[in-house]
Amino acid sequence: MMTHGTLRYGDATVPYQVNPDPKRTSRIAIHVEPDGTVVVEAPLGQSDDVLRKAVQRRARWIITHVNEAFDRYKHVSTKQYVSGEEVLYLGRRYMLRVEEQANGKPSVKLKGNKLIVATNNADANMVKPIVRAWYRTKARDYFARLIDEKSRLLPWIKKSPPFRQQEMKRQWGSCSPNGSILLNPHLIKAPRPCIEYVVLHELAHLKHHDHSPEFFRLIDNHLPRWRQSKGILDNMVEVLHME
Ligand SMILES: [Zn+2]
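Note that the structure is a prediction, hence the values are computed from the model and not measured. (Residues numbered from 1 in each chain as written. Predicted model: local features only at pLDDT ≥ 70, side-chain atom pairs only at ≥ 80, totals over all residues. Heavy atoms only, no water.)

Draft legend 1. Inspection of the overall build of the protein at higher detail. Helix and strand counts for the protein come out as six helices and 11 strands. Its C-alpha atoms give the protein a radius of gyration of 20 Å, near enough to 18 Å, the size a compact globule of 243 residues would have. Projecting the C-alpha coordinates of the protein onto the three principal axes gives extents of approximately 55 × 45 × 35 Å. When burial is assessed residue by residue, the protein has 44% of its 243 residues classed as buried. Expressed as a percentage of contacts within the protein between residues at least 6 apart in sequence, the contacts between residues at least 24 apart total 49%. Surface exposure of the protein reaches about 13,700 Å², of which carbon and sulfur atoms provide 50%. Once the 39 positive and 26 negative side-chain charges of the protein are each reduced to a mean point, those two points are 3 Å apart. (Helix = DSSP H or I, 4+ residues; strand = E, 2+ residues; numbered from the N terminus. Rg over C-alpha atoms; globule rule 2.2 N^0.38 Å. Buried < 20%, exposed > 50% of the residue type's maximum accessible area, 1.4 Å probe, protein only. Contact = heavy atoms within 4.5 Å. Areas by Shrake-Rupley, 256 points an atom, 1.4 Å probe, with all protein chains shown as cover. Lys, Arg positive; Asp, Glu negative; His and termini not counted. Charge placed at Lys NZ, Arg CZ, Asp CG, Glu CD.)

Draft legend 2. Just helix 4 (residues 192-204), in detail. For helix 4, with 13 residues, the first-to-last C-alpha span of 18 Å sits near the 18 Å given by 1.5 Å per residue. Across the 13 residues of helix 4, 11 count as buried, placing the element largely inside the fold. Those residues of helix 4 that fall on the buried side of the exposure criterion are C194, I195, E196, Y197, V198, V199, L200, H201, E202, L203 and A204. (Expected span 1.5 Å × (residues − 1).)

Draft legend 3. Representation of the domain arrangement of the protein within the structure. Considered domain by domain, the protein is made up of domain 1 (4-74) and domain 2 (86-241). A separation of 26 Å is found between the C-alpha centroids of domain 1 and domain 2. Domain 1 puts eight residues into the contact, and the matching count from domain 2 is seven residues. A buried area of about 700 Å², summed over both sides, lies between domain 1 and domain 2, and 56% of it is on carbon and sulfur atoms. In this structure, the connection of domain 1 to domain 2 is made through three residue pairs in polar contact (both at pLDDT 80 or more). Looking at the side of domain 1 that touches domain 2, the elements with two or more residues in it are strand 1 (4-9) and helix 2 (59-74). It is strand 1 that provides the largest number of residues to the side of domain 1 that touches domain 2, a total of three residues. Grouping the constituent residues of the side of domain 1 that touches domain 2 by class yields three nonpolar, four polar and one charged. (Domains from an automatic or database assignment. Buried area = accessible area lost by both parts, 1.4 Å probe. Polar contact = N/O pair within 3.5 Å; in protein donor to acceptor, adjacent residues only side chain to side chain. Nonpolar A, V, L, I, M, F, W, Y, C, P; charged D, E, K, R; others polar.)

Draft legend 4. Structural view of the coordination of the zinc ion. Within the protein, the atoms that donate to the zinc ion are H201 (NE2), H205 (NE2) and H211 (NE2), at distances of 2.0 Å. Accessibility expressed as a relative area gives 9% for H205, which makes it buried. (Donors = N, O, S within 2.8 Å, 3.2 Å for Na, K, Ca; no water.)

Draft legend 5. Summary view of the packing of aromatic side chains. In total, this model carries seven aromatic pairs according to the counting rule given. Here the aromatic rings of F215 and F216 are separated by 5.0 Å at their centres, their planes lie at 85 degrees, and the arrangement is edge-to-face. When its relative accessible area of 0% is taken as the criterion, F215 is described as buried. When its relative accessible area of 27% is taken as the criterion, F216 is described as partly exposed. Put simply, the rings of Y89, Y94, W134 and Y135 pair up and form one aromatic cluster. Here the basic side chain of R58 rests over the ring of W61, its NZ or CZ set 4.3 Å away from the ring centre. Positioned above the aromatic ring of Y135, the side-chain terminus of K189 is 4.8 Å from the ring centre. (Phe/Tyr/Trp six-rings, centres within 6.5 Å; stacked < 30°, edge-to-face > 60°. Lys NZ or Arg CZ within 6 Å of the ring centre and 35° of its normal.)

Draft legend 6. Examining the packing of helix 4 against helix 5 (residues 213-222) more closely. Where helix 4 contacts helix 5, the two axes come as close as 10 Å, and the packing angle between them is 135 degrees. Between helix 4 and helix 5, the angle is such that the two are oblique. Considering how the two elements wind past one another, helix 4 and helix 5 form a crossing that is right-handed. Judged by residue contacts, Y197, L200, H201 and A204 of helix 4 engage F215, L218, I219 and H222 from helix 5. Residues that form the contact of helix 4 with helix 5 fall into these classes: six nonpolar, two polar and no charged. (Axes fitted to C-alpha atoms, helices over the stretch in contact; angles between N-to-C directions. Parallel < 35°, antiparallel > 145°, perpendicular 65-115°, else oblique. Left-handed = near helix turned anticlockwise from the far one by under 90°.)

Draft legend 7. Structural view of the pairing of strand 3 (residues 29-32). Two strands pair when backbone bridges link them, and strand 3 and strand 4 (residues 38-42) are joined in this way by four bridges, in the antiparallel orientation. Bridge assignment links V32 to a residue of strand 4, and that residue is V38. Connecting strand 3 to the antiparallel partner strand 4 that follows it, the hairpin turn spans five residues, and G36 within it adopts a positive phi of roughly 95 degrees. (Pairing = 2+ DSSP bridges.)

Draft legend 8. Structural detail: unusual backbone geometry. Of note, the phi angle at Y81 is positive, near 60 degrees, even though the residue is not glycine. Within the secondary structure, Y81 is located in the loop between helix 2 and strand 5 (86-89). For Y81, a relative accessible area of 4% puts it in the buried group. For L90, which is not glycine, the phi dihedral falls at a positive 50 degrees. Within the secondary structure layout, L90 lies in the loop between strand 5 and strand 6 (92-100).

Dropping the structure here:
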């Protein structure tokens, strides 16, 4: 049973996620969440074809609601770094909780559905760098592991290439002609398949330095479902502008 799909309707391309629900018997329900995420609730074992058709039948309704959500999004101010705010990590939503502590070094930890920041100064200007440093540390380890993991599987790579993190406004990653890789630290907010796609994309550039058909064939061979992941990332570009 598929977990993600992409709806195409006119010029619009909208990714959606499929949540299997064992309690459902036959009906498929479609929701558009406030942030524009499209969720399809379906009985277990529903065929991909039935799912795709159900989504397609409601295409107009979905696109209208996604557009409304994005319009609202545009007016969302940048991050405030205060308790109650939503933060993303590996594709999941967490609620930020800022706890004031009398002394000691600031700390950040994930607990349940919360990202808890303990600091002796809860001012947003103090919390922001703490959260960003936490993301960077998490991202560095995660990216390093993933690059090693993928490099071992890719015959054109003899040794894991060096990489650096760099914030970019419209790009998740890049690969320089000398073979070093840049990854956007905000990528750690995306679901794992999306991170895998970006890492594989940059590693594939070590073999083909362009976006030729050979390049995409390579990606297809190693990550057949990459288009869904790219669709999700394309919508997440909005997230970068809220930082
Ligand atoms: Zn590229």
